[in-house]
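# Descriptive analysis of the structure
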Amino acid sequence: EKALLLLRDESTENICNLNTLCHAYIKTNNVDDLEPTLTKLLPHAEKAARIQYTVNCALKWMINQYDINSADDKLNGLWNIYHRQLKSNPKLMHAYVHTLIKHGRDTMAEQIIKSQLDESWDEILIQEYGLLKIDNAEQRAKQAEEWLKHHKESAGLLLTLGRLFKAQKLWGKAKSYLESSLSRRPLAATYAELADLHESLDEPIDAQRCAKKGLHIATRNVV
């Protein structure tokens, strides 16, 4: 609060003032004043590491605030202004895409994921691609199989293919891709999908086996 009292009357053209103001607005949960201040600070982000750090911290905080308050329009708007910062920071990108999907902005998330994966492969984003709530599983499966030509060892991609073919009730292909994913890297999510598939095929023993293995991995990761 003291920082805000001192800096609000100072020049907003001063980079140090803007940088400190951003942190003060975060500390005081003032997203309305943070938004225009961060926009002014953004052009200086590439000039100094501490400015880039502030921008990243502010974006992470804003994504969380928009999530909590269901400010979907503002969440969408972040991409128009800060797409370069989001694309250059994997953790920010993961948080942003996950939040878009959480709030039903799956079409926008799909476009971002496809664009990002064409530029730089990401195991987290490819898994999100299989969780999109869009009625185009067949189209996404074709896209995923194109990616597979260049990323044959990607456990996340194979998991996504398993999910997409499972959504189409193509049990044989789904099972094959899920088992291939496990051979690359055993993930709790893959075991969960495989357990669900076995249940759909009325194979309770195999379903229990997969569920048990998935639970073991998930519990181990938590510990």
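All of the points below concern the structure found in this document. (Residues numbered from 1 in each chain as written. Predicted model: local features only at pLDDT ≥ 70, side-chain atom pairs only at ≥ 80, totals over all residues. Heavy atoms only, no water.)

### Focus on the overall build of the protein chain
A tally of regular secondary structure across the protein chain gives 13 helices and 0 strands. Secondary structure elements in the protein chain, listed N-terminal to C-terminal, are α-α-α-α-α-α-α-α-α-α-α-α-α. Along the first, second and third principal axes, the C-alpha set of the protein chain runs to 70 × 35 × 30 Å. Residue burial in the protein chain is summarised as follows: out of 223 residues, 47% are buried. Across the protein chain, every contact between residues at least 6 apart in sequence was considered, and the portion connecting residues at least 24 apart equals 51%. For the protein chain, the exposed surface amounts to about 12300 Å²; the carbon and sulfur share of it is 51%. Within the protein chain, the 30 negative side-chain charges are centred at a point lying 4 Å from the centre of the 30 positive side-chain charges. (Helix = DSSP H or I, 4+ residues; strand = E, 2+ residues; numbered from the N terminus. Buried < 20%, exposed > 50% of the residue type's maximum accessible area, 1.4 Å probe, protein only. Contact = heavy atoms within 4.5 Å. Areas by Shrake-Rupley, 256 points an atom, 1.4 Å probe, with all protein chains shown as cover. Lys, Arg positive; Asp, Glu negative; His and termini not counted. Charge placed at Lys NZ, Arg CZ, Asp CG, Glu CD.)

### Quick look at the packing of aromatic side chains
In the structure shown here, the tally under the stated rule is 4 aromatic pairs. Ring geometry for Trp121 versus Trp147: centroids 5.9 Å apart, planes at 70 degrees, classification edge-to-face. Within this pair, whereas Trp121 is found in the loop between helix 7 (106-119) and helix 8 (123-129), its partner Trp147 is found in helix 9 (residues 137-148), the two being separated by 26 residues in sequence. Owing to a relative accessible area of 22%, Trp121 belongs among the partly exposed residues under this scheme. Taking relative accessible area as the criterion, Trp147 reaches 5% and is therefore assigned buried. Seen in terms of ring centroids, Tyr129 and Trp147 are 5.1 Å apart; in terms of plane orientation they differ by 70 degrees. Their pairing is edge-to-face. With Tyr129 in helix 8 and Trp147 in helix 9, the pair connects residues that are 18 residues apart, well separated along the chain. Note on accessibility: Tyr129 and Trp147 belong to one class, buried. (Phe/Tyr/Trp six-rings, centres within 6.5 Å; stacked < 30°, edge-to-face > 60°.)

### Observations regarding helix 9
Here helix 9 spans 16 Å end to end across 12 residues, near enough to the 16 Å set by a 1.5 Å rise per residue. Where helix 9 is buried, its residues touch helix 7, helix 8, helix 10 (155-167) and helix 11 (171-184). (Expected span 1.5 Å × (residues − 1).)

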